[in-house]
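Analysis of the macromolecular model
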Amino acid sequence: MITAAHLTKRFGRLTVLDDVSVTLQPGQAVSLIGPNGSGKTTFIKCLLGLVIPEEGDMHVAGQSVRDHWSYRDRIGYMPQISRYPDNMTIRQVISLMTDIRQGKNAQLDTELIDAFGLPALYDKTMRSLSGGTRQKVGACLAFLFNPPILILDEPTAGLDPLASEILKAKVLREKANGKLILITSHILSDLDELTSDIMYMQEGRLQFLESVDWLKQKTGETKLNRAIARLMATHDSATKTNADEPVRSLF
Ligand code: ADP
Ligand code: MG
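Note that the structure is a prediction, hence the values are computed from the model and not measured.

In this section: the overall build of the chain. Secondary structure assignment for the chain yields eight helices and ten strands. A total of 251 residues make up the chain; the buried ones form 49% of that total. In the chain, of all internal contacts separated by at least 6 residues, the share reaching a separation of at least 24 is 66%. As presented, the chain carries roughly 12000 Å² of accessible surface, and 50% of it is formed by carbon and sulfur atoms.

This part takes up helix 1 (residues 40–47). With six of eight residues buried, helix 1 is to be regarded as a mostly interior element. Looking at helix 1, one finds that the buried residues are Lys40, Thr42, Phe43, Ile44, Cys46 and Leu47. Looking at the residues trailing helix 1, positive phi occurs at Gly49, about 75 degrees.

Once that is clear, we can look at the packing of aromatic side chains. Summed over all chains, the structure comprises one aromatic pair. Between Tyr200 and Phe208 the ring centres are 5.6 Å apart and the planes differ by 15 degrees, which places this aromatic pair in the stacked class. Phe208 shares its class with Tyr200; the two are buried. Above the ring of Trp69, the side-chain terminus of Arg72 is found at 3.8 Å from the ring centroid.

A few words on the nonpolar core. Among the nonpolar cores identified, the biggest contains 43 residues, and Ile198 and Ile228 are the most heavily contacted of them. The contact partners of Ile198, leaving out residues within four places of it in the chain, are Ser31, Ile33, Phe208, Leu209, Glu210, Val212, Leu215, Leu224 and Ile228. Counting 26 residues, the second-largest nonpolar core is a separate cluster that includes Ile44, Met58, Tyr71 and Leu182.

Another aspect to go through is helix 6 (residues 212–219). Taken residue by residue, helix 6 has Val212, Leu215 and Thr219 as its buried positions. The arc that holds every buried residue of helix 6, seen down its axis, measures 65 degrees, which confines them to one face. Residues of helix 6 that are exposed and point more than 90 degrees away from the buried face comprise Asp213, Gln217 and Lys218. Phi for Gly220, located one or two positions after helix 6, is positive at around 70 degrees.

Of all five residues making up strand 7 (residues 149–153), five are buried, and the element is well covered by its neighbours. The side-chain alternation of strand 7 yields two buried faces, one formed by Ile149, Ile151 and Asp153 and the other by Leu150 and Leu152. One ladder, built from four bridges, connects strand 6 (residues 75–78) with strand 7; its direction is parallel. Note on strand 7: the bridge partner recorded for Tyr77 is Ile151.

Unlike most non-glycine residues, Asp19 shows phi in positive territory, near 60 degrees. Position of Asp19 relative to the elements: it lies in strand 2 (residues 14–24).

A pair can form between side chains of opposite charge whenever their charged atoms are brought close. By the definition in use, this model includes 14 salt bridges. Here Arg91 makes a salt bridge to Asp123, at a shortest N to O gap of 3.1 Å. Placement of the pair is Arg91 in helix 2 (residues 90–101) and Asp123 in the loop between helix 3 (111–115) and helix 4 (131–144), with a sequence separation of 32 residues. Overall, Asp123 belongs to the exposed group, its relative accessible area being 57%. Between Glu111 and Lys170 there is a salt bridge, with the nearest N and O atoms lying 2.7 Å from each other. Residue Glu111 is located in helix 3, and its partner Lys170 is located in helix 5 (residues 161–176); the two are separated by 59 residues in the primary sequence. By sharing partners, the salt bridges in this structure join Asp109, Glu111, Lys170, Arg173, Glu174 and Lys179 into a single network.

The environment of ligand 1 is made up of Phe11, Leu14, Val16, Pro35, Asn36, Gly37, Ser38, Gly39, Lys40, Thr41 and Thr42. Note that an oxygen atom of ligand 1 is positioned 2.9 Å from one of the side-chain N or O atoms of Lys40. With respect to ligand 1, the side chain of Thr42 contributes an N or O atom lying 2.5 Å from an oxygen atom. Look at ligand 1: alone it shows 560 Å² of surface, and the protein chains cover 57% of it. Only strand 2 and helix 1 provide two or more residues apiece to the shell around ligand 1. Tallying contributions element by element places helix 1 first for the shell around ligand 1, with three residues. Tallied by class, residues from the shell around ligand 1 come to four nonpolar, six polar and one charged.

What counts and how
- Residues numbered from 1 in each chain as written.
- Chains lettered and ligands numbered in written order.
- Predicted model: local features only at pLDDT ≥ 70, side-chain atom pairs only at ≥ 80, totals over all residues.
- Heavy atoms only, no water.
- Helix = DSSP H or I, 4+ residues; strand = E, 2+ residues; numbered from the N terminus.
- Buried < 20%, exposed > 50% of the residue type's maximum accessible area, 1.4 Å probe, protein only.
- Contact = heavy atoms within 4.5 Å.
- Areas by Shrake-Rupley, 256 points an atom, 1.4 Å probe, with all protein chains shown as cover.
- Phe/Tyr/Trp six-rings, centres within 6.5 Å; stacked < 30°, edge-to-face > 60°.
- Lys NZ or Arg CZ within 6 Å of the ring centre and 35° of its normal.
- Core = buried A, V, L, I, M, F, W, Y, C linked by side-chain atoms within 4.5 Å.
- Arc of directions from axis to C-beta.
- Pairing = 2+ DSSP bridges.
- Salt bridge = Lys/Arg side-chain N within 4 Å of Asp/Glu carboxyl O.
- Near = heavy atom within 4 Å.
- Polar contact = N/O pair within 3.5 Å; in protein donor to acceptor, adjacent residues only side chain to side chain.
- Nonpolar A, V, L, I, M, F, W, Y, C, P; charged D, E, K, R; others polar.

Here it is in structure tokens:
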């Protein structure tokens, strides 16, 4: 459903994405992990059409991200930092987004809105909300239009443990419904129970995209973070580059 072919992005002299090719399928919950600055956000921005790659291309359901923006109706995006007009209430933000998108998808999914108890807060302005509540609004909007693709950027970072569990349960249900879920995080333990596949990036290059089952089997480790550390150590000695430090800093 999502393919990247030889995706390359440079900012000035810095190559932020270096010849990245991947295919992501419906029903996969892919964790995009890697050290800070490894190109995770840039990859997502390319996918959303917010950054234009120098070389290569990306397709979403067969449509190039370079062509039209209509493919974006297929994507629900929860940004790491959600920005909404400060003086709007939660109710107004939700109805604004619904007005913009409703014509294209009338079937709203309010499950997360109810699970988070947002209706009780509907008349609060965005300005007055805590960071965690803003995160909840961002999550609700990502799922509201029932998109086949969900992109969640550090989704549990600002959430309290209960909200985090509610969101994880929702992700698992949507994965079971056959949706494609792409989650970036540097907190691997948060993702262990959600993830079907790990996409690991370092210095703009894709190191691997493998299923969790394969990783655990290949390395003989039962914990995901240990499996990845072990695989990276193998990579490390194979390529004779020192990849050890950035990997360790992830965990
Ligand atoms: P990650 O999300 O993995 O932390 P990013 O994709 O945000 O990494 O950034 C990768 C690299 O690209 C970093 O070195 C970052 O400073 C650089 N970068 C990102 N966006 C820009 C930009 N708009 N202009 C210049 N450099 C950028
Ligand atoms: Mg980032």
